[in-house]
Amino acid sequence: PDHKTVKNLLAKKEFTVRDLYGEDVLVPVGETAKSFKGIIKMNNIGRFIWENLEKVETEDEIVSMVVDKYALELTQAKNDVDDFIKYLKNVDII
């Protein structure tokens, strides 16, 4: 089985979670605000993943947490976690 380690997925840049008109967004702060223009919208699962990323060792652990919290099928939770982590990597946040 593929046990992707998320230990090195700790946020490279400084972001804070804000509620913007009822939507969860990641907003750059500090030095990051100078280079990263814009905000990143997240759904509730994205926010949950973001807030728990540093507490887990592997992607499988975060998938299990998502399954438990949102009562999703394992496949759906895995897809959501994979998609969100890929997105964060693509925009160079992790």
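Residues numbered from 1 in each chain as written. Predicted model: local features only at pLDDT ≥ 70, side-chain atom pairs only at ≥ 80, totals over all residues. Heavy atoms only, no water.

Run through helix H3 (residues 59-70), naming residues and quoting values.
Helix length check: H3, at 12 residues, gives a terminal C-alpha distance of 16 Å against a target of 16 Å (1.5 Å per residue), a fit within 8%. At the C-terminal side of H3, Ala-71 shows a positive phi close to 50°. (Helix = DSSP H or I, 4+ residues; strand = E, 2+ residues; numbered from the N terminus. Expected span 1.5 Å × (residues − 1).)

I'd like to hear about the pairing of strand E2 (residues 23-28), residue by residue, with values.
Relative to E2, strand E1 (residues 15-20) is paired through 6 bridges, and the arrangement is antiparallel. Following the sheet pairing, Arg-18 is matched in E2 by Val-25. In this antiparallel pair of consecutive strands, E1 and E2, the connection spans 2 residues, and Tyr-21 shows a positive phi of 50°. Summarising the sheet, E2 and strand E3 (residues 40-42) pair through 3 bridges and their orientation is antiparallel. (Pairing = 2+ DSSP bridges.)

Requested: an account of the sheet that holds E2, with residues and values cited.
In space, the 3 strands of this open sheet follow the order E1-E2-E3, with antiparallel pairing throughout. Single-partner strands in this sheet number two, and they are E1 and E3. The sheet shows a mean angle of 35° between the axes of neighbouring strands, direction not considered. (Axes fitted to C-alpha atoms, helices over the stretch in contact; angles between N-to-C directions.)

Describe the environment of Leu-53, naming the residues involved and giving the relevant values.
Summarising the element assignment, Leu-53 is placed in the loop between helix H2 (44-52) and H3. Residues Leu-53 and Ile-85 lie 32 residues apart in sequence; the distance between their C-alpha atoms is 9.5 Å.

Go over the nonpolar core, please, and point to the residues and values.
In this structure, Leu-26, Ile-49, Trp-50, Val-66, Val-81, Leu-88 and Ile-93 are the most contacted members of the largest nonpolar core, which totals 22 residues. When contributions to this core are tallied by element, the ones reaching two or more residues are E1, E3, H2, H3 and helix H4 (74-90). Per element, the largest residue contribution to this core is 5 residues, and it comes from H4. Leave out the neighbours within four places in its chain, and Val-81 touches Ile-49, Glu-59, Ile-62, Val-63 and Val-66. (Core = buried A, V, L, I, M, F, W, Y, C linked by side-chain atoms within 4.5 Å. Buried < 20%, exposed > 50% of the residue type's maximum accessible area, 1.4 Å probe, protein only. Contact = heavy atoms within 4.5 Å.)

Could you give an account of H4, naming the residues involved and the relevant values?
Spanning 17 residues, H4 covers 24 Å between terminal C-alpha atoms, matching the ideal 24 Å at 1.5 Å per step. Every buried residue belonging to H4 is among Ala-77, Val-81, Asp-82, Phe-84, Ile-85 and Leu-88, and all of these are buried. Where H4 is buried, its residues touch E2, E3, H2 and H3. Positive phi shows up at Asp-92, right after H4, with a value of about 60°.

Tell me about unusual backbone geometry, and please be specific about residues and values.
Positive phi outside glycine occurs at Tyr-21, with the angle close to 50°. For Tyr-21, a relative accessible area of 81% puts it in the exposed group. The residue Asp-92 is not glycine, and still its phi comes out positive at about 60°. Inspection of the secondary structure assignment puts Asp-92 in the segment after H4. Among the residues examined, Asp-92 registers a relative accessible area of 32% and is labelled partly exposed.

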